[in-house]
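Listed below, chain by chain, are the residues.
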Amino acid sequence: MRLATQPNSTKRRNRIKHSTSISTIMMLFLFLLLLVHKAIVSNIALVDAFSTTALISRRAFIVNKANISPSSSLSIRKRRFSRQTIVTRTTSLLPGPDLATKQNEDEVDADAVNVVLVTGFESFNRDLYEKAGALLPPECKINLKVFADSDIRSPPDPSNNEFSRALRKADIFIGSLIFDYDDVVAVASLLPHVRGPRLVFECATELMSFNRVGKFNMENTGDGPQGPPPAVKAILSKFSSGKEEDKISGYLKMLKVGPDLLKFIPGEKASDLRTWLESYRFWNQGGMNNVKAMLQIITQRWLLESQNGEKEKLAALESLPVPQLEVTPDIGLLHPLLTTKEGTTRFASNPKSYLEWRLSSECYAEADRKGFTLAPKDAPRIAILLYRKHVITNQRYIIDLIRMFEEQGLMPVPVFINGVEAHTIVRDWLTSDHEINGVEKGTIVRDSTYKANEAVSVDGIVSTIGFPLVGGPAGSMEAGRNVDIASHLLKSMDVPYIVASPLLLQSIPMWKSNGVLGLQSVVLYSLPELDGAIDTVVLGGLVGDKIALVPERVRKLCSRLKGWIGIRRTPPSERKISIMIYGFPPNVGAVGTAALLDVPNSLEHLLRRLHEEGYNIGDFATDPDATGQSLVAALSILCQDSVIAAGVDRMQKAVEDRMQRARDGDATVPETLARPGGGLGGAKVAGKEMNFDDLEKMLGKYMMKKVRRAWPESERGPGVNSKGEMVASGLQLGNVWITVQPLLGVEGDPMRLLFERDLTPHPQYCACYEWMHLPEVKGGHGVQAVLHLGMHGTVEWLPGQPLGNDRQSWSDELLGGIPNVYVYAANNPSESILAKRRGYGTLVSYNVPPYGRAGLYLELANLKDLVNEYRTAETSSSSRKELRDAIFASCEKAGITSDVPLSSFDNSHADASIQSVSDEAFDLWVSSVATYLVELEERLFSSGLHTLGSKPTEKELCSYLNAYFKDKLSEDEIEDVIASVQRHSVSRATHDAWWHSVLSWLHEFPQNFMGEVTPSAGNTNIVDSTKGDSKREAADIVTLLSKNTEELDSVINALNGGYVLPAPGGDLLRDGTSVLPTGRNIHALDPYRMPSALAWARGERAAEEIIKQHQSSNNGAFPETVAVTLWGLDTIKTRGESIAIVLALVGARPVKEGTGRTVNFELIPLNELGRPRIDVLASLSGIFRDSFANVVDLLDDMFERAAASDESPDMNYIKKHALELEADGTERPAARLFSNPPGDYGSMVNEVVDNGDWDKSESLGEIWTGRNSYSYGRKEGGGGTRSGTARPDVLNKLLATTERVVQEIDSVEYGLTDIQEYYANTGALKKAAENRKKSDESGQKKKVALSVIEAFGGGGATGGGTDVQVKDVEDVLRLEYRSKFLNPKWRDAMLQQGSGGAYEVSQRFTAMVGWAATAEVDNFVFDQAAERYALDEEVAKKLQKSNPGENLSLSHEL
């Protein structure tokens, strides 16, 4: 029988002759199929939508870039490959003579066809492919070479390794899952050598265009619009539900019938296309026989085309039997016990039939016969989404995973899918008790695609696929595009959604030594988190070429699932939870504080809401005197060393003694404890004392061995009583235990454990967490969930894997299996990543406090009046001349002369009397003073602290909108908008009550009234369209801010074991409505898409301004080295502006591939750049280092290329300094990315300043240097975030040449003076650079400038432009101190926040001292700080009453 794809087949001609009418009809289908193929396959890279592992857009660990000359490399600056220099466009299968002659060299077997097959990320199938090749009939003998992606550029010479040699003499190429940019470049440069067919499946978009079979190819035809035209969409809709999100699934169905329909189409091109589609169909079905068939089809096709008329061989080839496709269902369910009588695997067709079998006597009998453990019939049911290709290739881990779920008491519902249909499974085949109840009540309307006769109810969903829920690997092309669809489905289900999978890109040893790296982290963490996935667990990884599970990790996953389901199945009145607040640093009044959050009032609101939901909180809710302030005050007492030493039994008395002292008027005790019952609502001390043996029983011998080694009994750390026992204590209110998170370090070194990963938490830290969640029957407290209240705690920072917890990660151990509900600031998506990933935190965001305008006060207000009087007086009037002295004196008193020096306007009279300055010069100076006062008056600050779940008042709404819109909307317009929204809300509430009754009646007939609904704030009709977009946006903001109450709603739903809606982290001023409402499970962004287009434009502009700023103060000279801080928080919030600044200074630009991912930083030619390349010392925060490993690798590669470029050192300072280092014998002279030691975080400078443990400011610079001497990048320690190398010589050289430091500030809330990290890192870096400057004749060392870029501003109405202001640090410090710390308006707002506000005041004092040590702080700042706080009796009294410990600390700072 002849091959069906043979173009000259007589049989086919006869069939066509008798099927003319069919042919005519099918021609349109062929045309549409070709369009679909070009539009969809090329544009989405056929992303194994359908396949396995990986459809991964970029590989995790990138090896050294292939050594390809510029003339043969691929330029993708325009987001697509230019192939003119790569391959001659031709429809012939035979190459030109220049390539053909090379193919005959070193032939292994003259009769064999040379086939190169690249498995990409499917290295675990290598054996299968090789065995399939060996089974081909003799007529199709092949010499098959199978390579994984790691073989493409293997050392020592990637341009002449085994892969490149094999491809140069290949007849056929088959490639799958090739996505890494450097791999794509290397493969594309070699593909022109392939003589015959090139089958490229599921690869990067740029490689897909190299597909070729005969006259069929996928060459790009232009840069037209992406996606299929309307006619093609119509065809696609017939193969799917018609929904946009289902189109890839529909495309798969179309591919199945495409080859059969093309049988009826005459012509070679149709035949060639059919060959490609047939090959892909066999490949996609997978399995030994299908792969063998695919190899036979394409080999046979090539041989028939190239035999040059050898009749015997042609006849033998044509007589080969047509391969038969072995079809496995695209979707199905499996189980180790679901087999035929012969023992072969059976698949259930839908979840309902599967569950009927699983609960049947047949299943239990089979389990008894085989000794297979099954979960009880009432066990929680967990849907597990599996890769179909892993199932059909018999990957052992699938069966092991199902078996272990059963053994752990969970009933698996294992559904295998191609990869793109995950959302259809959730939508059509799964339901939950919550969804069923909602449908019955009419509050939830299921999609019309729901299959009631096939669906089952589940208690949780586990995806081993990763990627986004909608579209899977194909959905990753446009990350976040279908988040609303995914979150709608998951919210309707309202069960835990967890992504857990073995690593398909890393071996288990690599994971254990380096953590989860690069793109693997995007697949398992970044993309699923967009959908609200939680509690990601790494289940194993590669062992050789096979996928293996780590059983202990599967048990961890099961324990976390049981924790979530267990709390849901427990009635609220019986649930036991812990609320954990913070108290760091110790003994300074920090108990009950968190960033931007009023913890005492938030705690009170939370407890009262828990009472409303049926939780047992004792008498707190019914006690009119009970307050959160009193609870915090009592917890502060339990944290005192003397109280801990006395033991748990005496703690209750210690609290009662303080209550009596408060009633007696003792000013050293918080006044709130004088309330009846201390204001505690009946709370009593509850705790436990434990010795080392008790701790070992809880921890187990393995982890306890580490504790004993690090903490011998002679050094047990803090939290220990006089008997040497560890003390865990807190306040009990019914079933709610409120405690303070244990201190992390030791006396005099409170942050010790953040920076020494080889250490362990001290014994009391371990004991507190272990006892808290240990069941009561085992002697523990039996807490079912912990709620960490505010940003941020320390459990997520404990020693262990930077990403991908394992058995040795302390956060993994101490949190056990209990849910961790983490209340976190919405504007910090950077550090929240650690809480989510390392601390298993289900995040619930809270809003930032309202914004205030600084205004003018005291001397500044007086100065404004003087200036206005001067400018309005008659030019010749005597009063105007008299005002000169008054204005100048007022400026000097307020320190304004530092910001607007008079000498800048009249240099000739810089030292003369004010009266000698000319009128013209003085007028110009006064005008500049007036401008500065306006800037100061309009400057924003955070006003007070936020209370969890509190709805903003009308005044606070006005402050938000004023800050956001600036002068775009007047006060009256803002008030009108607020009033309109409020009226609309009242009207809508009445309407909703009526509509709910209608829904209850109509919910059985949803198709009659429910169309596709786009979520909206519901304010489109509030504002007349003629008033513009600003008012409509303002109305949306008001509505969304009024949903702050959802913060508590989400906390309650999380404690119910439910799903918390996801949202991006950020702040209102920069990101607008996208970060509202709060109460969301916040996430970060895709690290492979930075910098964004806007960030690049702003970064370029900032770099220009930095250079101009430097030249203006250095006689036009360029800086040789600029130090730039790269922090996780500002990188996420600005979408990579600081990265763009580094690139622009160096003279490089980002290069993006077809999916929009950044894959390279290309050096701009010097003749185009027009200036020298500036050397950059990149100071990485630990979070940036760990979260943006791909950026670190790309930057490292850029610096290496810059140092090795063929450019003059006079025009390339990177090369200049590298040559100098090389001459000194220094290794890796191009290293430029420095951070803390691997796995460590922070500079420790702030701890030293806070403790007062320093004498000279120079020592702070050296502390920073010692903590930041580790170099990172793809050439360091084998790669990976924990593979840094100490290179102090390179760092010292860079510091010595650093002339300027650059720091971005990303938000109003976290200014230079608000948090310790700025002076502790950037200020200390500045001091370290100054320490290495040579002293002048007077013994003074040259100052290093610090440029500050405030990268925040209003949202859509005021922000988003490329205007960038670069200021000196001294100017910014004065602005911040005047607008916030020294401003009575800011001070009074903080004093209203009780103990938390007092703590915020103290933090600013500490930061002031830190900046004075590392930069310069004007004397007037210290003088006015003393006046505003310590010397103001009323203020000092308020601070004392609110927080005696903090007041003592403040006095110490002064």
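Residues numbered from 1 in each chain as written. Predicted model: local features only at pLDDT ≥ 70, side-chain atom pairs only at ≥ 80, totals over all residues. Heavy atoms only, no water.

## Some remarks on the overall build of the protein
Right, so step 1: Along the backbone of the protein there are 59 helices and 36 strands.
Right, so step 2: Within the protein, buried positions represent 63% of all 1454 residues. (Helix = DSSP H or I, 4+ residues; strand = E, 2+ residues; numbered from the N terminus. Buried < 20%, exposed > 50% of the residue type's maximum accessible area, 1.4 Å probe, protein only.)

## With respect to the packing of aromatic side chains
Right, so step 1: Scanning all chains against the criterion turns up 24 aromatic pairs.
Right, so step 2: Seen in terms of ring centroids, Tyr 765 and Tyr 769 are 5.5 Å apart; in terms of plane orientation they differ by 20°. Their pairing is stacked. Here the residue Tyr 765 and the residue Tyr 769 both occupy positions in helix H31 (residues 763-773), the gap between them amounting to four residues, near one helical turn. Tyr 769 carries the same exposure label as Tyr 765, and that label is buried.
Right, so step 3: Aromatic pair Phe 1381 and Phe 1405: ring centres 4.9 Å apart, planes at 85°, arrangement edge-to-face. Of the two residues, Phe 1381 is situated in helix H54 (residues 1369-1381) and Phe 1405 in helix H56 (residues 1395-1414); the sequence distance between them amounts to 24 residues. (Phe/Tyr/Trp six-rings, centres within 6.5 Å; stacked < 30°, edge-to-face > 60°.)

## Some remarks on the sheet that holds strand E9 (residues 411-417)
Right, so step 1: With mixed pairing, the seven strands of this open sheet are ordered in space as E7-E9-E8-E12-E13-E14-E15. Of all strands in the sheet, those bounded by a partner on one side alone are strand E7 (332-333) and strand E15 (546-549).
Right, so step 2: The sheet contact formed by E7 and E9 spans two bridges and is antiparallel. Looking at the pairing, Leu 333 lines up with Val 415 of E9.
Right, so step 3: Contacting strand E8 (381-387), strand E12 (460-463), strand E13 (497-507), strand E14 (534-543) and E15, helix H23 (residues 551-569) runs over the sheet at an angle of about 165° to E14. (Pairing = 2+ DSSP bridges. Contact = heavy atoms within 4.5 Å. Axes fitted to C-alpha atoms, helices over the stretch in contact; angles between N-to-C directions.)

## A short note on the pattern of salt bridges
Right, so step 1: Within this structure, the stated rule accounts for 82 salt bridges.
Right, so step 2: Of the charged contacts, one joins Arg 837 and Glu 529 as a salt bridge, the two residues approaching to 2.9 Å between their closest N and O atoms. Of the two residues, Arg 837 is situated in helix H33 (residues 831-837) and Glu 529 in helix H22 (residues 518-530); the sequence distance between them amounts to 308 residues. No difference in accessibility class separates Arg 837 from Glu 529, as the two residues are buried.
Right, so step 3: Where Lys 1133 meets Asp 1306, a salt bridge forms, and the shortest distance between an N and an O atom there is 3.1 Å. Residue Lys 1133 is found in helix H44 (residues 1128-1134), and its partner Asp 1306 is found in the loop between strand E34 (1298-1305) and helix H53 (1317-1331); the two are separated by 173 residues along the sequence. With respect to burial, Lys 1133 and Asp 1306 carry one shared label: buried.
Right, so step 4: Through salt bridges with shared partners, a single ionic network connects Asp 1196, Glu 1200, Glu 1227, Arg 1228, Glu 1276 and Arg 1287. (Salt bridge = Lys/Arg side-chain N within 4 Å of Asp/Glu carboxyl O.)

## Remarks on the sheet that holds strand E21 (residues 820-825)
Right, so step 1: With mixed pairing, seven strands are arranged side by side in an open sheet as E17-E18-E19-E16-E20-E21-E22. Where the open sheet ends on each side, the last strands, each with one partner, are strand E17 (684-690) and strand E22 (841-846). Pairs of neighbouring strands in the sheet enclose a mean axial angle of 25°, with direction left out of account.
Right, so step 2: In the sheet, strand E18 (residues 726-733) pairs with strand E19 (residues 736-740) via four bridges, with the strands oriented antiparallel. Looking at the pairing, Gln 732 lines up with Trp 737 of E19.

## A closer look at empty space enclosed by the protein
Take a probe with the size of a water molecule and roll it over the atoms, and the empty space left behind shows itself.
Right, so step 1: Across all of its chains, the model carries 16 cavities of 30 Å³ or more by this definition.
Right, so step 2: Space inside the second largest cavity adds up to approximately 140 Å³.
Right, so step 3: In terms of lining, the second largest cavity is formed by 14 residues, of which the most central are Leu 803, Ile 833, Arg 837, Asp 1186 and Ser 1187.
Right, so step 4: Elements represented by at least two residues in the lining of the second largest cavity include exactly H22, H33 and helix H47 (1182-1187). (1 Å grid on protein atoms, 1.4 Å probe; cavity = no way out; pocket = protein on both sides within 12 Å on 5 of 7 lines; lining within 4 Å. Points joined across faces, edges and corners; volume = space filled by probe spheres on them.)

## Focus: the nonpolar core
If you look at soluble globular proteins, the nonpolar side chains tend to sit buried side by side.
Right, so step 1: Counting 94 residues, the largest nonpolar core has Ile 579, Leu 607, Leu 610, Leu 631 and Leu 789 as its most contacted members.
Right, so step 2: Those residues in contact with Ile 579, other than ones at most four positions away along the chain, are Leu 603, Leu 606, Leu 607, Leu 610, Val 736, Trp 737, Ile 738, Thr 739, Leu 787 and Leu 789.
Right, so step 3: Formed by 82 residues, the second largest nonpolar core is a distinct cluster that contains Leu 856, Ala 1328, Met 1390 and Met 1408. (Core = buried A, V, L, I, M, F, W, Y, C linked by side-chain atoms within 4.5 Å.)

## A short note on helix H29 (residues 701-710)
Right, so step 1: Looking only at H29, the buried set comprises Met 703, Met 704, Lys 706, Val 707 and Ala 710. Axial view of H29: buried residues confined to an arc of 150°, hence all on one face. In H29, the exposed residues that point more than 90 degrees away from the buried face are Lys 701, Lys 705 and Arg 709.
Right, so step 2: For H29, the elements touching its buried residues are helix H28 (692-699), H31 and helix H32 (810-815). (Arc of directions from axis to C-beta.)

## As for a negative patch on the surface
Right, so step 1: Together, Glu 954, Glu 971, Asp 972, Glu 975 and Asp 976 line one region of the surface with negative charge.
Right, so step 2: Sorting elements by how many residues they give to the negative patch places helix H39 (residues 971-1002) first, with four residues.
Right, so step 3: Structurally, Glu 954 can be placed in helix H38 (residues 954-965). (Patch = residues over 30% accessible without salt bridge, like charges linked within 9 Å, V, L, I, M, F, W, Y side chains within 5 Å. Areas by Shrake-Rupley, 256 points an atom, 1.4 Å probe, with all protein chains shown as cover. Lys, Arg positive; Asp, Glu negative; His and termini not counted. Charge placed at Lys NZ, Arg CZ, Asp CG, Glu CD.)

## Some points on the environment of Val 1245
Right, so step 1: Here Val 1245 lies in helix H50 (residues 1245-1251).
Right, so step 2: Separated by 71 residues in sequence, Val 1245 and Gln 1316 place their C-alpha atoms 8.9 Å apart.
Right, so step 3: Residue contacts for Val 1245: discarding those within four places in its chain leaves Leu 1260, Ile 1263, Trp 1264, Tyr 1319, Ala 1320 and Ala 1324.

## Some words on unusual backbone geometry
Right, so step 1: In this structure, the amide linkage connecting Leu 1076 to the following residue, Pro 1077, adopts the cis form with an omega of -5°.
Right, so step 2: Note the cis peptide between Met 1090 and Pro 1091, where omega equals -5°.
Right, so step 3: Structurally, Pro 1091 can be placed in the loop between strand E26 (1081-1083) and helix H43 (1093-1112).
Right, so step 4: Its identity as a non-glycine residue notwithstanding, Phe 467 has a phi of 60°, on the positive side.
Right, so step 5: Unlike most non-glycine residues, Asp 494 shows phi in positive territory, near 55°.

## Brief notes about H56
Right, so step 1: The end-to-end C-alpha distance of H56, which contains 20 residues, comes to 29 Å, matching closely the 28 Å that a straight helix rising 1.5 Å per residue would cover.
Right, so step 2: Counted residue by residue, H56 has 19 buried out of 20 residues, so it is predominantly covered. (Expected span 1.5 Å × (residues − 1).)

## Brief notes about the packing of helix H24 (residues 599-612) against helix H25 (residues 628-638)
Right, so step 1: With their axes 7 Å apart at the nearest point, H24 and H25 run at an angle of 115° to one another. The angle between the axes of H24 and H25 places the two elements in the roughly perpendicular class. Between H24 and H25 lies a crossing whose hand is right-handed. In contact with Pro 600, Leu 603, Glu 604 and Leu 607 of H24, H25 contributes Gly 628, Gln 629, Leu 631 and Val 632.
Right, so step 2: A per-class count over the contact of H24 with H25 returns five nonpolar, two polar and one charged. (Parallel < 35°, antiparallel > 145°, perpendicular 65-115°, else oblique. Left-handed = near helix turned anticlockwise from the far one by under 90°. Nonpolar A, V, L, I, M, F, W, Y, C, P; charged D, E, K, R; others polar.)

## Some remarks on the pairing of strand E20 (residues 785-789)
Right, so step 1: When you tally the buried positions in E20, you get five out of five residues, the bulk of the element.
Right, so step 2: Note that strand E16 (residues 577-581) and E20 share four bridges and pair parallel. When the bridges of E20 are listed, Ile 579 appears paired with Leu 787.
Right, so step 3: Inspection of the sheet shows E20 paired to E21 by four bridges, in the parallel sense. Directly across from Val 786, in E21, lies its bridge partner Asn 820.
Right, so step 4: Taken together, E20, H32 and E21 constitute a β-α-β crossover, and its handedness is right-handed. (Right-handed = clockwise from strand over helix to strand, strands pointing away.)

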